[in-house]
Amino acid sequence: MVLIAPSLVSSDFSILKEEVIALEKAGADMIHLDIMDGRFVPNLTFGAPVVKSIRGATKLPFDAHLMVENPELMVESFAKAGADFITVHAETTAHLDRVLQKIKSLGAKAGVALNPSTDESAIKYVLDRLDLVLVMSVNPGFGGQSFIQSSLEKIARIKKMVKGYPVMVEVDGGINPLTAAASIAAGADILVAGSAVFKTGDYRQNIKALR
Ligand code: DX5
Ligand code: ZN
């Protein structure tokens, strides 16, 4: 059964806590937190203090997607803020193996995100450190973009790569009922969705339409 992780990047930031509660009521499996530093991506969202402030609103796992330079400097604050999954971009650190070990030592699950142009060979030597691979199906930084079709063959290749490892494949960007079905068929275990969930008020209906 595919897991749905709505991304707060498309939510109403003035009522984040209420949005999280509404998503849980609507059947979300995880809450995707798009952390953007305005350097790795041309957008700035929110940091660990905000994550901490909404942690008590739900028991759902917090899935932190760090779109930040030098993530090794930030992983501890997100783990302390209550992030259950901490995913870093392979493109943002020369020491991926070390930062994944650090995430695990903090008691969180470790993920690697790959931009659309980054080859999956980037995770070849860290498969035993991973709980999650995040396949970016848009160029990170903004919600509401269109799904990059070549992501589908990449998802299938990564699914094969992680066979035999307890690693989930998550897809992030441009997910709607059509691209959701294609991503699931290609092997996706978790789908991140921003605009497809928040576009209209009926979160339950919108989440159901993605499964
Ligand atoms: C892009 C983010 C994605 C994206 C999801 O940088 O990582 O989570 O905002 O939004 P939609 O589903 O609208 O593409
Ligand atoms: Zn994301």
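Before reading on, note that the structure itself is shown above.
Residues numbered from 1 in each chain as written. Chains lettered and ligands numbered in written order. Predicted model: local features only at pLDDT ≥ 70, side-chain atom pairs only at ≥ 80, totals over all residues. Heavy atoms only, no water.

1. A short note on empty space enclosed by the protein
Piece 1. Scanning the model with the defined rule gives 1 cavity of 30 Å³ or more in all.
Piece 2. Approximately 200 Å³ is the volume found for the largest cavity.
Piece 3. Looking at the largest cavity, it is lined by 24 residues, and the ones nearest its centre are Phe-142, Gly-143, Asp-172, Gly-173 and Gly-174.
Piece 4. When residues of the lining of the largest cavity are traced back to their parent elements, those giving at least two are β2 (31-36), β3 (62-67), β8 (190-193) and α7 (195-198).
Piece 5. Taken together, the residues of the lining of the largest cavity sort by class into 11 nonpolar, 11 polar and 2 charged. (1 Å grid on protein atoms, 1.4 Å probe; cavity = no way out; pocket = protein on both sides within 12 Å on 5 of 7 lines; lining within 4 Å. Points joined across faces, edges and corners; volume = space filled by probe spheres on them. Helix = DSSP H or I, 4+ residues; strand = E, 2+ residues; numbered from the N terminus. Nonpolar A, V, L, I, M, F, W, Y, C, P; charged D, E, K, R; others polar.)

2. Quick notes on helix α2 (residues 48-55)
Piece 1. Restricting attention to buried positions, one finds in α2 the residues Ala-48, Val-51, Ile-54 and Arg-55. Relative to the axis of α2, the buried residues are bounded by an arc of 130° and lie together on one face. Across α2 from its buried face, at more than 90 degrees, point the exposed residues Pro-49 and Ser-53. (Buried < 20%, exposed > 50% of the residue type's maximum accessible area, 1.4 Å probe, protein only. Arc of directions from axis to C-beta.)

3. Examining the coordination of the zinc ion (ligand 2)
Piece 1. Note on the zinc ion (ligand 2): its protein donors are His-32 (NE2), Asp-34 (OD), His-65 (ND1) and Asp-172 (OD). The metal-donor distances range over 2.0 to 2.2 Å.
Piece 2. The coordination sphere of the zinc ion (ligand 2) comprises 6 donor atoms, whose angles at the metal cover 64 to 176°; the geometry is irregular.
Piece 3. For the zinc ion (ligand 2), the single-chain donor residues occur in sequence as H-x1-D-x30-H-x106-D. Of the two residues, His-32 is situated in strand β2 and Asp-172 in strand β7 (residues 168-172); the sequence distance between them amounts to 140 residues. (Donors = N, O, S within 2.8 Å, 3.2 Å for Na, K, Ca; no water. Tetrahedral: all angles 85-135°; square planar, octahedral: opposite > 155°, others 65-115°.)

4. Some details on the nonpolar core
Piece 1. With 62 residues, the main nonpolar core has Leu-8, Leu-33, Leu-66, Ile-86, Ile-123 and Leu-130 as its most contacted residues.
Piece 2. What Leu-66 contacts, discounting residues up to four positions off in sequence, is Ile-35, Pro-71, Val-75, Phe-78, Ile-86, Thr-87, Val-88 and His-89.
Piece 3. By size, the runner-up hydrophobic cluster in this structure holds 10 residues, among which are Met-30, Phe-85, Leu-134 and Val-138. (Core = buried A, V, L, I, M, F, W, Y, C linked by side-chain atoms within 4.5 Å. Contact = heavy atoms within 4.5 Å.)

5. What about the site of ligand 1?
Piece 1. Asp-34, Gly-141, Asp-172, Gly-194 and Ser-195 are the nearest of the 20 residues found near ligand 1.
Piece 2. Taking Gly-141, its main chain carries an N or O atom lying 2.6 Å from an oxygen atom of ligand 1.
Piece 3. Take Gly-144: an N or O atom from its main chain is 2.8 Å from an oxygen atom of ligand 1.
Piece 4. Across the complex, the protein chains shield 100% of the 370 Å² of accessible surface that ligand 1 would expose by itself.
Piece 5. Using a 2 Å cut-off from the grid points, one finds that ligand 1 occupies the largest cavity.
Piece 6. Examining the composition of the shell around ligand 1, we find that 3 residues originate from one element, β2, more than from any other. (Near = heavy atom within 4 Å. Polar contact = N/O pair within 3.5 Å; in protein donor to acceptor, adjacent residues only side chain to side chain. Areas by Shrake-Rupley, 256 points an atom, 1.4 Å probe, with all protein chains shown as cover. Sits in = over half its atoms within 2 Å of the grid points.)

6. Looking at the environment of Val-138
Piece 1. Residue position: Val-138 is located in the loop between β6 (132-136) and α5 (151-161).
Piece 2. For Val-138, a relative accessible area of 4% gives the class buried.
Piece 3. For the pair formed by Val-138 and Val-171, sequence separation is 33 residues and the distance between their alpha carbons is 9.6 Å.

7. Description of the packing of aromatic side chains
Each aromatic ring pair is summarised here by two numbers: the centre-to-centre distance and the angle between the ring planes.
Piece 1. Considering all chains together, one arrives at 2 aromatic pairs under this definition.
Piece 2. Between Phe-13 and Phe-46 the ring centres are 5.6 Å apart and the planes differ by 70°, which places this aromatic pair in the edge-to-face class. Placement of Phe-13 in the loop between β1 (3-6) and α1 (16-25) and of Phe-46 in the loop between β2 and α2 is noted, with a sequence separation of 33 residues between them.
Piece 3. With a relative accessible area of 9%, Phe-46 lands in the buried category.
Piece 4. Measuring from ring centre to ring centre gives 5.1 Å for Phe-198 and Tyr-203, while their planes differ by 70°; the resulting arrangement is edge-to-face.
Piece 5. Positioned above the aromatic ring of Phe-62 is the side chain of Arg-55, whose terminal nitrogen or guanidinium carbon lies 3.8 Å from the ring centre. (Phe/Tyr/Trp six-rings, centres within 6.5 Å; stacked < 30°, edge-to-face > 60°. Lys NZ or Arg CZ within 6 Å of the ring centre and 35° of its normal.)

Everything listed here is a matter of coordinates, which is why it stays silent on function.
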